[in-house]
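What follows is the residue order along each chain.
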Amino acid sequence: MANFKHCISSSWKWASSYIRFSKAAIFISGLIFSKSFIEIAFKAFLISYIIDTRKNISIGAAIAYAAATDGIQQLLVILIHHLATDRHGYFRVIILTFPCLIFGLLILWLSSLLLSQQTSNQMLYIALPVILVGLAGEDVSLEVFLRQHFVEETIAVDKTKSERQQSEEYKDIVEGRASLWSNGAGFLGQFICWTFASSLSWKKTIMVSFIEVAAAYALFICGKRYYLRIPPTRRTAVSQLKEAKGLVKLIPLWLLFIPYCLAEVAGFSIFILQSYRLDTRINPRISLHNSFNKVPVNSLYVFKQFISFLVSMSTKYLIRKLWSSEEAMQRGARYWRMGVGMAVGFGSLLSAWLVERRRSDLIKKNPNDDEDIPMTILWLAPQFGLLGIANGLVLEGLTDFFYDRVPESKQYFEVLFNHSLTVIGSFLSGLAVLLAPWFGDTIDECQLDKYLLMLAILNVAVLPLYIFLSLRFDWNMPDEVDGRDIEIEEVDGSNVEILMEEVDGRDVEIL
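Summary of the structure given here. (Residues numbered from 1 in each chain as written. Predicted model: local features only at pLDDT ≥ 70, side-chain atom pairs only at ≥ 80, totals over all residues. Heavy atoms only, no water.)

**Digging into the overall build of the protein**
Consideration 1: A count of helical and extended segments in the protein gives 17 helices and four strands.
Consideration 2: Out of the 511 residues in the protein, the part that is buried amounts to 48%.
Consideration 3: Here the protein has roughly 25,700 Å² of accessible surface; of this, 62% comes from carbon and sulfur atoms. (Helix = DSSP H or I, 4+ residues; strand = E, 2+ residues; numbered from the N terminus. Buried < 20%, exposed > 50% of the residue type's maximum accessible area, 1.4 Å probe, protein only. Areas by Shrake-Rupley, 256 points an atom, 1.4 Å probe, with all protein chains shown as cover.)

Next up, the structure:
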């Protein structure tokens, strides 16, 4: 009888806990939905908004503008991540940053109602930094805050497995449950934006985005009693900088990913511009209503995001399942994953270069700006698809790539390290566009093919260097105990910790 009561009590606690986590996940998913909607409706096509609203801006300046905003957002991600983990917690960061996004969209919507172009441009300078704060807060907090609720949930794992396998199984279950909610809400937001907002004007798109984000934020506030409030770590910035000194060793290897970051910037700037004057009809010979016979450019961006998600998830699953008991082989597979991703990124840029050559030739034969050229927008699908594969392998794999090389005590530097790489890539891209002689005032005057070819050459040239440095040097960082390095070595089938202390300039093993 006692066992029965205990079983009923445990089941009731589990059910109550699950219901609470599910309610919290529903409210948080509303914000993730709005994040994905804004990603497709505005952020990914910021360059189009800049060109449409600022008539006197050159193409090179517009690309540099879009790249700089991405770099500023990644800088804000680093800052807000520090505030969320070490100062205020993720819940408070969400509460404080989302109103910035709402306020910024409201300013843009009001500026679209103004007749004065100069006043509208001035309001853009006010709205954009505020929006970037909100977008950075989204990137930092939403998925981590959702995952925290599932980490706190009681999850049963197979006790017959080793401690490492149990830990991996637990992480897989947590990641799977959190991904089910976040990716489901994210793809729903992208799909609705693709089907609903693709035919709207910028004025209506921003109005709908403002209403959608405001409603999602209000829904999130309504569910505040279901959320877990995990306190911040209270680490100081000075102490973090002291701990990060050892990460300098990893910088040469990480710098090799900058050419790929330049390709990512091209994905939301130059790839978008290449759709100019292309025929968006699925089949020009079929007479259907435009809404049924049209491929908007944002559908290609959604296609890229979906491919990236599939590749990232399937790659993680295959590596974990094929080498479930060999950690060294898992690390090797993740190393090759990054190299393959860089090679696929080269393929994407090469495809974009070939498309641009053909597009430029057709534009020269059809100089009338008001007419589409005889080239369908589906020509852009291969480069978006290949970039999605590369994104799933490289950018989505940088987290595991970093974790493989640093001890667990320093893994919280992942955001600082990897987002700093994106910051460098974004600002370098903007600088390269401003200095390159291939960008004119209009898209017809630009020689985008030469810039794309330069990026392709950079990406393929750095690949052999990546392979050589990865095989030639050991980039793994040992942990420290009382200021001394600690390394894990396998002795007689078991892992043994060996302290390394420097004596007379030599590393001496201390068992």
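There is more to say after this.
**A look at a nonpolar patch on the surface**
Consideration 1: A grouping of Val248, Ile251, Leu255, Ile424, Leu428, Leu431, Leu434 and Leu435 is seen on the molecular surface, where their side chains present a nonpolar patch of about 720 Å² in accessible area.
Consideration 2: Elements represented by at least two residues in the nonpolar patch include exactly α9 (251-255) and α16 (414-435).
Consideration 3: Examining the composition of the nonpolar patch, we find that five residues originate from one element, α16, more than from any other.
Consideration 4: For Leu431, the location among the structural elements is in helix α16. (Patch = residues over 30% accessible without salt bridge, like charges linked within 9 Å, V, L, I, M, F, W, Y side chains within 5 Å. Salt bridge = Lys/Arg side-chain N within 4 Å of Asp/Glu carboxyl O.)

**Thoughts on empty space enclosed by the protein**
Consideration 1: For the structure on display, the rule yields two cavities of 30 Å³ or more.
Consideration 2: Its boundaries defined by the atoms lining it, the largest cavity holds a volume of some 120 Å³.
Consideration 3: Together, Phe42, Lys43, Leu46, Ala66, Thr69, Asp70, Gln73, Leu128, Leu132, Leu135 and Phe268 line the largest cavity.
Consideration 4: When residues of the lining of the largest cavity are traced back to their parent elements, those giving at least two are α3 (59-88) and α5 (117-151).
Consideration 5: The greatest single-element share of the lining of the largest cavity, amounting to four residues, is contributed by α3.
Consideration 6: One number sums up the size of the second largest cavity: a volume of about 40 Å³. (1 Å grid on protein atoms, 1.4 Å probe; cavity = no way out; pocket = protein on both sides within 12 Å on 5 of 7 lines; lining within 4 Å. Points joined across faces, edges and corners; volume = space filled by probe spheres on them.)

**Some thoughts on the layout of surface pockets**
Consideration 1: Space inside the second largest pocket adds up to approximately 930 Å³.
Consideration 2: What lines the second largest pocket is a set of 32 residues, among which Ser48, Asp52, Trp202, Ser275 and Val297 lie closest to the centre.
Consideration 3: Of all the elements in the fold, those that place two or more residues in the lining of the second largest pocket are α1 (2-41), α2 (46-53), α6 (163-197), α7 (202-222), α11 (270-273) and α12 (297-322).
Consideration 4: Per-element tally for the lining of the second largest pocket: the top contributor is α2, with three residues.

**Section: the packing of helix α10 (residues 258-267) against helix α17 (residues 448-472)**
Packed helices, taken two at a time, are described by the angle their axes make and the gap between the axes.
Consideration 1: In the contact formed by α10 and α17, the axes pass within 9 Å of each other and the chain directions differ by 150 degrees. One way to sum up the angle between α10 and α17 is to call them roughly antiparallel. Here the hand of the crossing between α10 and α17 comes out left-handed. Residues Pro259, Tyr260, Leu262, Ala263 and Ala266 of α10 form the contact with α17, whose participating residues are Leu455, Leu458, Asn459 and Val462. (Axes fitted to C-alpha atoms, helices over the stretch in contact; angles between N-to-C directions. Parallel < 35°, antiparallel > 145°, perpendicular 65-115°, else oblique. Left-handed = near helix turned anticlockwise from the far one by under 90°. Contact = heavy atoms within 4.5 Å.)

**Considerations on the pattern of salt bridges**
Consideration 1: Tallied over the full model, the rule gives six salt bridges.
Consideration 2: For Asp70, the salt bridge is made with Lys43, and the minimal N-O distance between the two is 3.9 Å. Of this pair, Asp70 sits in helix α3 while Lys43 is found in the loop between α1 and α2, placing the two residues 27 residues apart along the sequence.
Consideration 3: Look at Asp70 and you get buried, because its relative accessible area is 9%.

**As for unusual backbone geometry**
Consideration 1: The backbone of Arg277 sits at a positive phi, close to 70 degrees, despite the residue not being glycine.
Consideration 2: For Arg277, the position within the fold is in the loop between α11 and α12.
Consideration 3: A residue is classified by how much of its surface remains accessible, and Arg277, at 5% relative accessible area, is buried.

**Remarks on the side chain of Asn298**
Consideration 1: For Asn298, the position within the fold is in helix α12.
Consideration 2: For Asn298, a relative accessible area of 8% puts it in the buried group.

**As for the side chain of Glu39**
Consideration 1: Locating Glu39 in the fold gives a position in helix α1.
Consideration 2: The side chain of Glu39 is buried and forms no salt bridge, while Lys43, the nearest opposite charge, is found at 4.1 Å.
Consideration 3: A polar contact is formed between the side chain of Glu39 and the side chain of Tyr301, at a distance of 2.8 Å.
Consideration 4: Filtering out sequence-adjacent residues up to four positions away, Glu39 remains in contact with Ala44, Tyr301 and Gln305. (Lys, Arg positive; Asp, Glu negative; His and termini not counted. Polar contact = N/O pair within 3.5 Å; in protein donor to acceptor, adjacent residues only side chain to side chain.)

**Remarks on the packing of helix α4 (residues 90-112) against α7**
Consideration 1: Taken N-terminus to C-terminus, the directions of α4 and α7 make an angle of 155 degrees; their axes are 9 Å apart at the nearest point. Accordingly, the angle class assigned to the pair α4 and α7 is roughly antiparallel. The handedness of the crossing between α4 and α7 is left-handed. Facing Phe91, Ile94, Ile95, Phe98, Pro99, Leu101, Ile102, Leu105, Leu106, Leu108, Trp109 and Ser112 of α4, the residues of α7 in contact are Lys203, Ile206, Met207, Ser209, Phe210, Val213, Ala214, Tyr217, Phe220 and Ile221.

**Details of helix α14 (residues 381-393)**
Consideration 1: The end-to-end C-alpha distance of α14 is 18 Å, a good match for the 18 Å that 13 residues give at a rise of 1.5 Å each.
Consideration 2: Among the residues of α14, Ala381, Gln383, Phe384, Gly385, Leu387, Gly388, Ala390, Asn391, Gly392 and Leu393 are the ones counted as buried.
Consideration 3: Summarising the contacts, the buried residues of α14 are in contact with α10, α11, α12 and α13 (327-365). (Expected span 1.5 Å × (residues − 1).)

**Section: the packing of aromatic side chains**
Aromatic ring pairs are defined here through the distance separating the ring centres and the angle between the ring planes.
Consideration 1: Applying the stated criterion to the full structure yields 30 aromatic pairs.
Consideration 2: Arranged with centres 6.0 Å apart and planes meeting at 90 degrees, the rings of Trp254 and Phe402 form a pair that is edge-to-face. Of this pair, Trp254 sits in helix α9 while Phe402 sits in helix α15 (residues 398-403); the two residues are 148 residues apart in sequence, bridging distant segments of the chain. Of the two residues, Trp254 and Phe402, neither departs from the other in class, the shared state being buried.
Consideration 3: Ring geometry for Phe473 against Trp475: centres 6.1 Å apart, planes inclined by 70 degrees, an arrangement best described as edge-to-face.
Consideration 4: Exposure remark for Phe473: the relative accessible area of 41% places this residue in the partly exposed category.
Consideration 5: On the accessibility criterion, Trp475 (10% relative accessible area) is buried.
Consideration 6: Each residue in the set Trp254, Phe257, Tyr335, Trp336, Phe401, Phe402, Phe417 and Tyr466 is aromatic and connected to the rest through ring pairs, giving one cluster.
Consideration 7: Lying across the ring of Phe91, Arg229 places its NZ or CZ 3.9 Å from the centre. (Phe/Tyr/Trp six-rings, centres within 6.5 Å; stacked < 30°, edge-to-face > 60°. Lys NZ or Arg CZ within 6 Å of the ring centre and 35° of its normal.)

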